Amino acid sequence: MGNLKVPHTLILLLGMMVVALFATWVVPQGFFETSTTESGRQMVVAGTYAQVADKTYLTPWDLLTSIPRAFAAAQDVIFFVLIVGGVLAIARATGTVDALIGRLLEKHGTKPQRLIFMVVFCFALASSAIGTAGEYIPFVLILVGLCKAMRLDAMTAVGMIVAGYGIGYGVSAFNPFTVLIAQQIAEVPQYSGVWLRFAIFIPFVLIGFHHVWSYSKKVYEDPSKSMMIGVPCPLEGQEKPSYPQLNKRHQMILGSFIFTLVIAIWGISTKGWYLTQLGGVFIAWGAVVAVLGKLSADETANRFIEGVSDLVTTAILIGVARGIALVLEDGQILHTLVHAMSLPLSYVGAEVSAVGMLIIQTLLNTFIPSGSGQAYVTMPLMAPLGDLVGVPRQVAVLAYQFGDGFSNMIIPTNAVLMGILGMAGVPYTHWFRFCLPLMLKLMAAASTVLVLAVIFGYGLDVQPVIK
């Protein structure tokens, strides 16, 4: 085992694309009929699955051309990551990031557990409320630098961010991109059942916090226990034995950052903004930082380009990750996978079916990494299937959001995850070893919640009358 060399993350993703190509040759191809919703999204129609008469065979050439197509499909995440990297490099040039790290060290340097809980809780709360995900990318390098100064590692920084992001989505009270869409499709009142999701929020956040804190404690006490031994840190060579004091200029720049986040949240919640608009907001913030930091035009440009160039590898990983789902879509087997996975649930009891729905949603998230896209494909099938086996539709929605949210933390087809890992310099294989135990803990807790929800009739008060 000592001579076993783990391949580069890019090789792993390309290997998964090749496996997906082979799968399109052997898995039966088929489709559900679809209908168009008022919002213009395509939603599958239950009971309409049929195999195609003329099978389409993808060739290795199709695999190769799917890579640039995947880059185009993931361009919003790719460009947002590059823009954030460039703007943060401008902010670092003003000394603001280092001054902020120094200030946080003064407050939390001897109690990293307090910082870890605060980050996991706040990120989970934001994801639960408004579905934030890619918006956390600006915090990656800041937290990596802070953890490095606290004798921790980049894995701890990523753990804080991704645990908050995934758990927030998984136990979301009213995420507009997942919960509300799934409830609408399942024909249960929107915002209904929120009391249970509020009740389980803190317990699930504590599971995530404990996992990250337990790891960080081992690394703090013995740096040789770090999973990042031998992996270069993206901030290598930027060690600073002392940090600048947080002066008025730094405070103005931080104030402009908070103002930028407020504008972003306003745009997301009221205007439906996504990464394209957020990229524009951060470019504007970069210009403000350059003015407040008294950087020359040439220095601003050079710093921005340096920051962008540092994240080219990350951009490539994001694009290739999107290609896996693209190959499955082109090969017409996504609906076949959904259909095949849903069939066994009709032969087991309600409690087992609820857990089965969780497992299916978790697996399907690998192939359909979009939360809303997964809702439109799976919920029209899971809701009526739940009617047949005695699973309330509200429980089916809960199984969907658990499966979608928690698996976001580990699937390599999640462009946001790959962006965060790339910025922090954490190889996917290392992250998988860190995250898998957390996933198993969350899945066990989620399964328990689903079984109890079925037993106690969660959602029966809003169950639609089946005619």
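Residues numbered from 1 in each chain as written. Predicted model: local features only at pLDDT ≥ 70, side-chain atom pairs only at ≥ 80, totals over all residues. Heavy atoms only, no water.

Caption draft 1: Summary view of the confidence of the model for the protein chain. Put simply, the protein chain has an average pLDDT of 85, and 94% of its residues get 70 or more. When mean pLDDT is compared element by element in the protein chain, helix α19 (residues 428-455) scores highest at 96, while strand β3 (residues 42-44) scores lowest at 71. (pLDDT = per-residue confidence, 0-100. Helix = DSSP H or I, 4+ residues; strand = E, 2+ residues; numbered from the N terminus.)

Caption draft 2: The packing of helix α7 (residues 154-170) against α19, seen in detail. For the pair α7 and α19, interaxial distance at closest approach is 11 Å and the crossing angle is 35 degrees. Crossing angle aside, the handedness with which α7 passes α19 is right-handed. Contacts from Met 155, Val 158, Gly 159, Val 162, Ala 163 and Ile 167 in α7 reach His 430, Trp 431, Phe 434, Leu 438 and Leu 442 in α19. Of the residues assigned to the contact of α7 with α19, the class counts are 9 nonpolar, 2 polar and no charged. (Axes fitted to C-alpha atoms, helices over the stretch in contact; angles between N-to-C directions. Left-handed = near helix turned anticlockwise from the far one by under 90°. Contact = heavy atoms within 4.5 Å. Nonpolar A, V, L, I, M, F, W, Y, C, P; charged D, E, K, R; others polar.)

Caption draft 3: Geometry of the nonpolar core. Phe 204, Phe 402, Phe 406 and Trp 431 are the most contacted members of the largest nonpolar core, which has 153 residues in total. When residues in this core are grouped by element, the largest group, 14 residues, is from α19. Those residues in contact with Trp 431 that sit more than four places away from it in its chain are Met 155, Val 158, Gly 159, Val 162, Met 409, Ile 410, Leu 417, Leu 421 and Val 426. (Core = buried A, V, L, I, M, F, W, Y, C linked by side-chain atoms within 4.5 Å. Buried < 20%, exposed > 50% of the residue type's maximum accessible area, 1.4 Å probe, protein only.)

Caption draft 4: Local environment of unusual backbone geometry. Of note, the phi angle at Arg 151 is positive, near 65 degrees, even though the residue is not glycine. As for its placement among the helices and strands, Arg 151 is situated in the loop between α6 (140-149) and α7. Assessed through its relative accessible area of 47%, Arg 151 is described here as partly exposed. Notably, Glu 187 is not glycine yet its phi reads approximately 60 degrees, a positive angle. By the secondary structure assignment, Glu 187 is in the loop between α8 (179-186) and α9 (194-221).

Caption draft 5: Helix α3 (residues 75-93), seen in detail. Over its 19 residues, α3 extends 27 Å from the first C-alpha to the last, a length consistent with the 27 Å expected when each residue adds 1.5 Å. Burial analysis of α3 places 15 of its 19 residues in the buried class, which makes it a mostly covered element. With its phi angle positive at about 85 degrees, Gly 95 sits one or two positions after the end of α3. (Expected span 1.5 Å × (residues − 1).)

Caption draft 6: The arrangement of the packing of helix α2 (residues 60-73) against helix α13 (residues 312-330) in detail. Two elements in contact, α2 and α13, have axes whose closest approach is 7 Å; the angle formed by their N-to-C orientations is 115 degrees. Crossing angle aside, the handedness with which α2 passes α13 is right-handed. Here Leu 63, Ser 66, Arg 69, Ala 70, Phe 71 and Ala 73 of α2 come into contact with α13, specifically with Ala 315, Ile 316, Gly 319, Val 320, Arg 322, Gly 323, Leu 326, Val 327 and Asp 330.

Caption draft 7: A look at the side chain of Thr 378. Its location among the elements puts Thr 378 in helix α16 (residues 371-389). Of the polar contacts made by the side chain of Thr 378, one reaches the backbone oxygen of Gln 374; its length is 2.7 Å. Once residues lying within four places of it in the same chain are set aside, the contact partners of Thr 378 are Gln 361, Leu 364 and Tyr 400. (Polar contact = N/O pair within 3.5 Å; in protein donor to acceptor, adjacent residues only side chain to side chain.)

Caption draft 8: Expanded view of the packing of aromatic side chains. On inspection of all chains with the given rule, the structure shows 20 aromatic pairs. Summarising the aromatic geometry, the rings of Phe 22 and Trp 25 are spaced 5.0 Å apart at their centres and angled 75 degrees between planes, so their arrangement reads as edge-to-face. Here Phe 22 pairs with Trp 25, and both are found in helix α1 (residues 9-26), just 3 residues apart, close to one helical turn. For Phe 22, a relative accessible area of 46% puts it in the partly exposed group. A network of ring pairs unites the aromatic residues Phe 80, Phe 123, Tyr 136, Phe 139, Phe 257, Phe 282 and Trp 285 as a single cluster. A cation over an aromatic ring shows up here: Arg 151 above the ring of Tyr 220, its NZ or CZ 4.5 Å from the ring centre. (Phe/Tyr/Trp six-rings, centres within 6.5 Å; stacked < 30°, edge-to-face > 60°. Lys NZ or Arg CZ within 6 Å of the ring centre and 35° of its normal.)

Caption draft 9: Here's a closer look at a nonpolar patch on the surface. A surface patch of nonpolar side chains, about 230 Å² in accessible area, is lined by Phe 117, Ile 202 and Leu 206. Within the secondary structure, Phe 117 sits in helix α5 (residues 112-130). (Patch = residues over 30% accessible without salt bridge, like charges linked within 9 Å, V, L, I, M, F, W, Y side chains within 5 Å. Areas by Shrake-Rupley, 256 points an atom, 1.4 Å probe, with all protein chains shown as cover. Salt bridge = Lys/Arg side-chain N within 4 Å of Asp/Glu carboxyl O.)

Caption draft 10: Representation of the pattern of salt bridges. Scanning all chains against the criterion turns up 4 salt bridges. The salt bridge involving Glu 187 is made with Arg 393; its shortest N-O contact spans 3.4 Å. A residue pair is termed long-range when its members are at least 10 positions apart, and Glu 187 in the loop between α8 and α9 and Arg 393 in helix α17 (residues 393-407) qualify at 206 residues. Given the relative accessible area of 53%, Glu 187 is considered exposed. It is possible to trace a salt-bridge network through shared partners that takes in Glu 187, Asp 387 and Arg 393.

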